[in-house]
There are 2 protein chains.
Amino acid sequence: MTKTVSEAVIKRLPRYYRYLKDLEAKGEVKVSSVDLASRMGLTASQVRQDFCNFGEFGQQGYGYDVKKLKTEISRILGLGKNYSVIIFGGGNIGSALAGYKGFSNEGFIVKAVFDKFPSKCKIDTVPVYNTDELGKFLENEKVDIAVIATQTKDAPEVAELIISSGIKNIWNFAPIDLNLKKGVIVENMFMSDSLFVLSYKMSHKNTGGQNGRKQ
Amino acid sequence: MTKTVSEAVIKRLPRYYRYLKDLEAKGEVKVSSVDLASRMGLTASQVRQDFCNFGEFGQQGYGYDVKKLKTEISRILGLGKNYSVIIFGGGNIGSALAGYKGFSNEGFIVKAVFDKFPSKCKIDTVPVYNTDELGKFLENEKVDIAVIATQTKDAPEVAELIISSGIKNIWNFAPIDLNLKKGVIVENMFMSDSLFVLSYKMSHKNTGGQNGRKQ
């Protein structure tokens, strides 16, 4: 069913998922494409087009069943499975991710943190190993996702290690674009980019009308 | 000079800035719009159009001066100033942000963390206060940006507190869209959205050709 779906549509899927979870938590049973569009800052026609990429989710004029649509989008996002995750870098961000329950609730299970100096890491939620021990660790564990939360200068080398060890999916927090190998998926999470967008909007508050736009 | 600039262009500015910092660090003096476009996954014409929003940064055919362009984009982003930042929530994410040097290097200075249970927070980089002490704190400090790194359920109430205390700019990590008041800028940083985009790409690896696209 899935053909080439644009990056913009893919990026909207987690937001639909978030809104639908919220509606479900509030006990809502039905939602119209107009309501959904208004929450997303889109037109109803765009919402219907987005869903058209993945099949038919509702009948025009009747609205969508909240629970069914949420389940469908969860499936499209690849959620509802368990993914085994390891984190490289046991500093501030690595520790935060290792302890964040929001990820495990969605099936992203952090199994271990790897660091060049494990004894310096203050992490008690998962085991911390020396980066050199990755090979040994992988003898007994299948890893779906490696997170790069090292210092920027160490990120390329860590990415090489991850890829050469056969892990195919990287969630990268180091503010650097990694050289990609075919077949490896890298999703970048550049927190500074978001902060800089905020400072842009602060600086242009009275000139550009860019206030408080929803993401 | 700045008119209504599209959200897509604004989101690309931090990436230009990142690339230009990288080029400068590598000692590059000039960069063509073709080179820049290739790194950004855009066309040269798009790059020129992006910059056209803000004036003229180079002469066609001569390329851009790396240092000058970086300085110009830094200025457009509102960087190169000092912003005073406070963080609500001293848990995993709040602690990580309080200790992250990448932000202070760009002028975002974390002054304090506020939490309902300060004694439970393990933060030694900045003072941690009880959320009730915000008013007192603001008698002596001007705050530019408040970061919401609380639990999701507490985020709306904290947002109310922030806005009622007169702080105009919010960087929100809680995965919830806050109700905005006119004149308040909220930039959302939804980490799960990025993780879910990764799991989408993992799930559609062999069907949609969505591998390793640059952000």
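Residues numbered from 1 in each chain as written. Chains lettered and ligands numbered in written order. Predicted model: local features only at pLDDT ≥ 70, side-chain atom pairs only at ≥ 80, totals over all residues. Heavy atoms only, no water.

1. Considerations on the overall build of chain A
Filter applied, for reference: Every helix listed is a DSSP run of H or I at least four residues long, and every strand listed is a run of E at least two residues long, numbered separately from the N terminus. Classification of residues uses two cut-offs on accessible area relative to the type maximum, computed with a 1.4 Å probe and protein chains only: under 20% is buried, over 50% is exposed, and between them is partly exposed. Contact criterion: two residues are considered in contact whenever any of their non-hydrogen atoms come within 4.5 Å of each other. The Shrake-Rupley method, run with a 1.4 Å probe sphere, supplies the accessible areas, and residue values consider only the shown protein chains as cover. Counted as positive: Lys and Arg. Counted as negative: Asp and Glu. His and the chain ends are not counted at all. Just so you know, the charge point we use is NZ for Lys, CZ for Arg, CG for Asp and CD for Glu.
In terms of helices and strands, chain A carries nine helices and eight strands. In terms of principal-axis extent, the alpha carbons of chain A reach across some 60 × 45 × 35 Å. The proportion of buried residues among the 215 residues of chain A is 53%. Intrachain contacts of chain A at a sequence separation of at least 6 include 56% that bridge at least 24 residues. Carbon and sulfur atoms make up 50% of the accessible area of chain A, which totals about 10400 Å². Of the charged side chains in chain A, 30 are positive and 23 negative; the average position of the first set lies 5 Å away from that of the second.

2. A short note on the interface of chain B and chain A
Rules: A carboxyl oxygen of Asp or Glu within 4 Å of a side-chain nitrogen of Lys or Arg is what we treat as a salt bridge. By the criterion applied in these results, polar contacts are pairs of N or O atoms within 3.5 Å in which, for protein atoms, one can donate a hydrogen and the other can accept it, and in which residues neighboring in sequence qualify only through two side-chain atoms. Polarity classes work like this: nonpolar for Ala, Val, Leu, Ile, Met, Phe, Trp, Tyr, Cys and Pro, charged for Asp, Glu, Lys and Arg, and polar for all others, with Gly in that last group.
With 70 residues of chain B at the interface, the matching set in chain A holds 70 residues. If you look at where chain B meets chain A, you find eight salt bridges. Among the salt bridges present, the one from Arg18(B) reaches Asp193(A), with a minimum N-O distance of 2.5 Å. For the interface between chain B and chain A, the tally reads 20 residue pairs in polar contact (both at pLDDT 80 or more). Elements represented by at least two residues in the side of chain B that touches chain A include exactly helix 1 (7-25), helix 5 (92-99), strand 7 (169-172), strand 8 (185-188), helix 9 (191-203) and helix 10 (205-208) of chain B. Here the element with the most residues in the side of chain B that touches chain A is helix 9 of chain B; it accounts for 13 residues. Residue composition of the side of chain B that touches chain A, by class: 35 nonpolar, 20 polar and 15 charged.

3. Topic: the sheet that holds strand 8 of chain B
Selection rule: Two strands are said to pair when DSSP picks up at least two bridges between them. Axis definition: a line fit to C-alpha positions, over the contact stretch in the case of helices; interaxial angles, taken between N-to-C directions, run 0 to 180 degrees.
Across the sheet, six strands lie side by side as 5-4-3-6-7-8 (chain B); this open sheet has parallel pairing. One side of each edge strand has no neighbouring strand; the edge strands of this open sheet are strand 5 (128-130) and strand 8 of chain B. When strand polarity is set aside, the average angle formed by the axes of neighbouring strands in this sheet is 25 degrees. Pairing between strand 7 of chain B and strand 8 of chain B: four bridges, direction parallel. Note that in strand 8 of chain B the partner of Asn169(B) across the bridge is Ile185(B). Running at roughly 165 degrees to strand 8 of chain B, helix 9 (residues 191-203) of chain A makes contact with strand 3 (83-88), strand 4 (108-115), strand 6 (145-148), strand 7 and strand 8 of chain B of the sheet.

4. Points about the pairing of strand 7 of chain B
Residue and element names in this part refer to chain B. Our working rule: Handedness rule for crossovers: strands pointing away from the viewer, path from the first strand over the helix to the second running clockwise, crossover right-handed.
Neither face of strand 7 is open: one carries Asn-169 and Trp-171, the other Ile-170 and Asn-172, and all of them are buried. Both strand 6 and strand 7 contribute to a ladder of three bridges, which runs parallel. The residue bridging Ala-146 from the neighbouring strand is Ile-170, located in strand 7. What joins strand 6 to strand 7 is helix 8 (residues 155-164), and the crossover it makes is right-handed.

5. Overview of the confidence of the model for chain A
To keep it simple, the criterion reads: Known as pLDDT, the predictor's per-residue confidence is scaled from 0 to 100.
Across chain A, the average pLDDT comes to 89, with 92% of residues at or above 70. In the predicted structure, residues 208-215 of chain A sits below a pLDDT of 50 and forms 26 contacts with residues beyond four places in sequence or in another chain.

6. Section: the sheet that holds strand 4 (residues 108-115) of chain A
All names here are of chain A. Read across the open sheet, the six strands follow the order 5-4-3-6-7-8; overall the sheet is parallel. Edge positions in the sheet fall to strand 5 (128-130) and strand 8 (185-188), since each has one partner strand and no second. If you compare each strand with its neighbour and ignore which way they point, the axes differ by 25 degrees on average. By the bridge criterion, four bridges tie strand 3 (residues 83-88) to strand 6 (residues 145-148) in an arrangement that is parallel. Across the sheet, Phe-88 pairs through a bridge with Ile-148, a residue of strand 6.

7. Considerations on helix 1 of chain B
The line we're drawing: Any helix carries an expected span of 1.5 Å times its number of residues minus one.
Here helix 1 of chain B spans 28 Å end to end across 19 residues, near enough to the 27 Å set by a 1.5 Å rise per residue. Directly after helix 1 of chain B, the chain includes Gly27(B), whose backbone phi takes a positive value near 85 degrees.

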